[in-house]
Amino acid sequence: MNTQKAITGLILAFWLVLIGVTYWRMELRFLTPAPRPAGAADIDPTQQPPAPVQQLQTDAGTRALHGRITLLNFWSPHCACSRFMEPHVRDLAARFQPHGVQLITVILTDDTRASDEEVLGWWRARGIQTPALVDRGGGLARQFGVWAGPAAVIVDARGRIVYTGAYNIGRYCTNERTAYAQQALEALLAGRTPPRAKTPFYGCQLPQ
């Protein structure tokens, strides 16, 4: 009888640990701001600094970061948080691309086994129509002051960074009041300054 109780207790303890680990991976980690890694630029979008590069080479050709509003979508194929954000990114693409907003996906990966074409294929399989490029090791992300994904960087038509941070403080991006990247795009299209220029980065830290 005591042996059965001990076995039951061990099984229960195992499941509690498993639930705790799952909670950390799927919830708590996303609610805790990611620490800044070495080499990440200190970008202050309240000062509207110029983008660190003038153009990007994507799978759909060269894309200039001036002349129209651009949303840089930093996405990692190995990050559950990035996958949770995909419906919101899909909605932003459908909502804002018809108004001339350019969306570009920057794929964050340190996978050395997959070719660039394979990595790009992972994004294309998501069915979200944006040009994309592979950022192995996160060097480009660091230039834009990004150190975790999913993340959004918004560059205005003058080529200046006006927003960096998370898409929303909510994991599933259903809270319109805190959909800060969306609000920034809406403000720019209306000729206004984004209501918030910077929010913390959450989710999966950049590849080291």
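Whatever comes next refers back to the structure up there.
First things first, this report covers the structure right here in the doc. (Residues numbered from 1 in each chain as written. Predicted model: local features only at pLDDT ≥ 70, side-chain atom pairs only at ≥ 80, totals over all residues. Heavy atoms only, no water.)

Focus: the state of the cysteines
Phase 1 of the analysis: For the coordinates displayed, the defined rule picks out one disulfide.
Phase 2 of the analysis: At a sulfur-sulfur separation of 2.0 Å, the disulfide partner of Cys79 is Cys204. Every disulfide takes its handedness from the sign of the S-S torsion; for Cys79 and Cys204 that torsion is 85°, giving right-handed. Here Cys79, found in the loop between strand E3 (70-75) and helix H2 (80-96), pairs with Cys204, found in strand E9 (residues 204-205); they are 125 residues apart in sequence, far enough to count as distant.
Phase 3 of the analysis: Given a relative accessible area of 1%, Cys79 falls into the buried group.
Phase 4 of the analysis: By relative accessible area, which is 14% here, Cys204 ends up buried.
Phase 5 of the analysis: Cysteine Cys81 is unpaired, with the sulfur of Cys79 as its nearest cysteine sulfur at 4.3 Å.
Phase 6 of the analysis: Given a relative accessible area of 2%, Cys81 falls into the buried group. (Disulfide = S-S within 2.5 Å. Helix = DSSP H or I, 4+ residues; strand = E, 2+ residues; numbered from the N terminus. Buried < 20%, exposed > 50% of the residue type's maximum accessible area, 1.4 Å probe, protein only.)

Considerations on unusual backbone geometry
Phase 1 of the analysis: A cis amide bond, omega 10°, links Gly149 with the succeeding residue Pro150.
Phase 2 of the analysis: With respect to the secondary-structure elements, Pro150 resides in the loop between strand E6 (148-149) and strand E7 (151-155).
Phase 3 of the analysis: Positive phi, close to 50°, is recorded for Gln48, a residue that is not glycine.
Phase 4 of the analysis: With respect to the helices, strands and loops of the structure, Gln48 is situated in the loop between helix H1 (2-31) and strand E1 (55-58).

Details of H2
Phase 1 of the analysis: Over its 17 residues, H2 runs 25 Å from end to end, which matches the ideal 24 Å to within 8%, given 1.5 Å per residue.
Phase 2 of the analysis: Along H2, the helix axis deviates most sharply at Glu86, where the bend reaches about 40°; the proline Pro87 sits within four residues downstream.
Phase 3 of the analysis: Residues Ala80, Cys81, Ser82, Met85, Glu86, His88, Val89, Leu92, Ala93 and Phe96 constitute the buried set of H2. (Expected span 1.5 Å × (residues − 1). Bend = angle between axes of the 7 residues up to and from the residue.)

What to know about the sheet that holds strand E8 (residues 161-165)
Phase 1 of the analysis: Ordered in space as E5-E4-E3-E7-E8, the five strands form an open sheet in which the pairing is mixed. Every other strand in the sheet has two partners, leaving strand E5 (132-136) and E8 as the edge strands with one partner each. The sheet shows a mean angle of 20° between the axes of neighbouring strands, taken without regard to direction.
Phase 2 of the analysis: Here strand E4 (residues 102-109) pairs with E5 via five bridges, running parallel. Bridge assignment links Thr105 to a residue of E5, and that residue is Ala132. (Pairing = 2+ DSSP bridges. Axes fitted to C-alpha atoms, helices over the stretch in contact; angles between N-to-C directions.)

Here's the deal with the environment of Ala64
Phase 1 of the analysis: Within the fold, Ala64 resides in strand E2 (residues 61-64).
Phase 2 of the analysis: Considering only alpha carbons, one finds Ala64 and Val53, eleven residues apart in sequence, at a separation of 9.0 Å.
Phase 3 of the analysis: Apart from the residues within four sequence positions on either side, Ala64 is in contact with Gln54, Gln55, Thr70 and Gln102. (Contact = heavy atoms within 4.5 Å.)

Describing the side chain of Asn73
Phase 1 of the analysis: You can see Asn73 is positioned in strand E3.
Phase 2 of the analysis: At a separation of 2.6 Å, a polar atom in the side chain of Asn73 contacts the side chain of Tyr167.
Phase 3 of the analysis: Discounting chain neighbours no more than four positions away, the residues touching Asn73 are Val89, Ile104, Thr105, Val106, Trp123, Ala151 and Tyr167. (Polar contact = N/O pair within 3.5 Å; in protein donor to acceptor, adjacent residues only side chain to side chain.)

Geometric values such as these leave the question of function open.
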